[in-house]
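# Coordinate inspection notes
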Amino acid sequence: MLGCTAMPVPPQLRYTRAMRMVSKYDFERAFKTGGRARGRSVSLIAAPNGLEGTRLGLSVGKACWKGAVERNRVRRVFREAFRLSYAALPKGCDLILMPATPKLKPDLALVRAELEELAAKAWSKRRTPRPAEAARPTKETP
RNA sequence: CGAGUGGCCCAGGCGACCGCUGCGAAGCCCUCACCGGCUUCGGAGAGGAACGUCCGGACUCCACGGGUCAGGAUGGUUGCUAACGGCAACCGGCCGCGAGGCUAGGGAAAGUGCCACAGAAAACAAACCGCCGCGUUCGCGCGGUAAGGGUGAAACGGUGCGGUAAGAGCGCACCGCAGCCACGGUGACGGGGCUGGCAGGGCAAACCCCAUCCGGAGAAAGGCCAAAUAGGGGGUACUUCGCGGUGAGACCCGCACCCACAGUGCCCCGGGUAGGUCGUUGGAGCCCGCGCGCAAGUGCGGGCCUAGAGAAAUGGUCGCCGCCUCUGGAAACGGAGGGCACAGAAUCCGGCGUACAGGGCCACUCGCAUC
């Protein structure tokens, strides 16, 4: 048939304020305790947030792009990837996304694939604050 | 038609679906209520430079007595403006056949400094080759000269005629220059008349002098609310202390305020951090018309509401069309992948500077052709 090229109609995917990391405190906690993973274009940190859903934080500095236009481009692609892949990400988790290389020209499909893979990887590497030592001989690879 | 000059404008377009941030309306949840949350609908959502942060303001807080100096900025005139280092018109100079363009453009008889290389000589007078006169032992010496050669970015006005031993403003004409006079212009300045035989280089974006202007810090300004935790302080009056400190870069005079530690009296319950909120978008606003003005602008009338984030919204996917590149073809017309600039609001305005694909419009100049 010729229906093979049609885009799959996406379900309702929201991205609301509750799904953002907003406070300085959240960022500091995530940087301190989160598990990290790095891919070709994305580098991410995952940390538990004690909530039902997953939240997103972006850290795109001037080291990546000097101009604001390209910096915004990176942020928007990252955010769109988060929105589209939300269902595939771990729950109850704060994710901080950073560009993995300077002068990154992000591609949405690649970023989505990496995001899903690295989120799972980083989530398993997180340091659980309370009952840490008890059951931790397992390695990160699923 | 070709070449060019000046100015203005646009910043790929249309549609579908999924999202994001304010605003408005309705409904639901929570609540004593406010606040807050959710859903639906409606409507809005980056720029000409939003950029750099180079000037000028608005606004906010701080300071506020005066003098001299210091420091910074500006530099033709007249206007415009809230203001400006901006803009407009005009004047002078330089460039262009022209339309036009460029121009920090006050003072070098107040002082200091600099002027490389070349050249004889670079600022106070001189003379390398010459030219002329006299002398001569024919090597040259003495004197006159600054017209010619040569160097340079620049050499003690330029051209011509007379004059002379050769020459020189030595004399004359014109040009330049300086002084004086009246005229025109608000003015910068202009053109004119008379007089003078020439005064004696340039650089002031070198110091400097002159004239004019200038308090400081900035939205992380600043106002309000205010957890957790720590915790008793804060205000005020007086006493005490001095070549005391601060306001204020130096000094002088004056003034105001402050003074740890300590003592006394009175009054108050507050102060600070995270966080929240206001500031925060309606303004020297934009559009249209008319009047005034050469213009920059300005007055009046009418209409419009036009982004407000805060780890920071303005995005994603797809389709069609436009433009560019490559490519098939004689052409009509196709095909392929890629690209469509510079660049992202952060308190707000007025400018300047810088970046930039492609395209459109208007006026004018020169050349050629035609009528």
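Everything numeric in this text was worked out from a predicted model, so none of it was measured. (Residues numbered from 1 in each chain as written. Chains lettered and ligands numbered in written order. Predicted model: local features only at pLDDT ≥ 70, side-chain atom pairs only at ≥ 80, totals over all residues. Heavy atoms only, no water.)

### Some thoughts on the sheet that holds strand β3 (residues 55-58)
Selection rule: Strands qualify as paired when DSSP identifies two bridges or more between them. Helical segments are the DSSP runs of H or I of at least four residues, strand segments are the runs of E of at least two, and each set is numbered from the N terminus. Angles shown run from 0 to 180 degrees and are taken between the N-to-C directions of axes, each axis being a line fitted to C-alpha atoms and, for helices, limited to the stretch in contact.
Across the sheet, 4 strands lie side by side as β1-β2-β4-β3; this open sheet has mixed pairing. A strand with exactly one partner marks an edge of an open sheet, and here the two such strands are β1 (35-38) and β3. For this sheet, the mean inter-axis angle between neighbouring strands, taken without regard to orientation, is 20°. Relative to strand β2 (residues 42-48), β1 runs antiparallel, the two sharing 4 bridges. Counted as the bridge partner of G35 is A46 from β2.

### Topic: a positive patch on the surface
As a reminder, the rule being used: Patch building starts from residues that exceed 30% relative accessible area and form no salt bridge, then joins like charges within 9 Å and nonpolar side chains (Val, Leu, Ile, Met, Phe, Trp, Tyr) within 5 Å. Shrake-Rupley sampling with a 1.4 Å probe provides the accessible areas, and residues are treated as covered by the protein chains on show and by no other component. Here a salt bridge means any side-chain nitrogen of Lys or Arg lying within 4 Å of a carboxyl oxygen belonging to Asp or Glu. Asp and Glu are treated as the negative residues and Lys and Arg as the positive ones, with His and the ends of the chain left uncounted. By convention, the charge on Lys lies at NZ, on Arg at CZ, on Asp at CG and on Glu at CD.
Taken together, R20, R73, R76 and R79 make up a surface patch of like positive charges. Position of R20 relative to the elements: it lies in the segment before α1 (24-33).

### Points about the confidence of the model for chain A
Applicable threshold: Each residue carries a pLDDT value, the predictor's own confidence for that position, ranging from 0 to 100. Note on contacts: a residue pair is in contact if any heavy atoms of the two residues lie within 4.5 Å.
Chain-level statistics for chain A give a pLDDT mean of 74 and a share of 77% at 70 or above. The model gives residues 1-11 a pLDDT under 50, and that stretch makes 0 contacts with residues more than four places away or in other chains. For the stretch residues 129-142, pLDDT sits under 50, and the model shows 3 contacts to residues farther than four places along the chain or on other chains.

### What to know about the pairing of β3
For the record, the criterion: Orient the strands so they point away from the viewer; a crossover is then right-handed if the path from the first strand over the helix to the second runs clockwise.
Pairing of β3 with strand β4 (residues 93-99), which is carried by 4 bridges, proceeds in the parallel orientation. Its bridge partner being in β4, L56 is matched across the sheet by L95. A crossover connection joins β3 to the parallel β4 through helix α2 (residues 68-84); in handedness this β-α-β unit is left-handed.

### Some points on the environment of N49
The following threshold applies: Accessibility here uses a 1.4 Å probe with only protein chains present; expressed as a share of the type maximum, an area under 20% marks a residue as buried, one over 50% as exposed, and anything in between as partly exposed.
Within the fold, N49 resides in the loop between β2 and β3. Judged by relative accessible area, which is 8%, N49 ranks as buried. Taking the C-alpha atoms as reference points, N49 and C93, 44 residues apart in sequence, are found 5.3 Å from one another. When near neighbours in sequence (up to four residues on either side) are disregarded, N49 contacts R29, R55, G92, C93 and D94.

### Re the pattern of salt bridges
Applying the stated criterion across every chain, the model contains 4 salt bridges. When the shortest N-O distance is used, the salt bridge between R29 and D94 registers 3.3 Å. Here R29 is found in helix α1, whereas its partner D94 is found in strand β4, with 65 residues between them in sequence. Overall, the relative accessible area of 23% leaves R29 in the partly exposed class. The exposure class assigned to D94 is buried, which follows from its relative accessible area of 1%. Here D94 ties to R55 by a salt bridge, and the two come within 2.9 Å at their closest N and O atoms.

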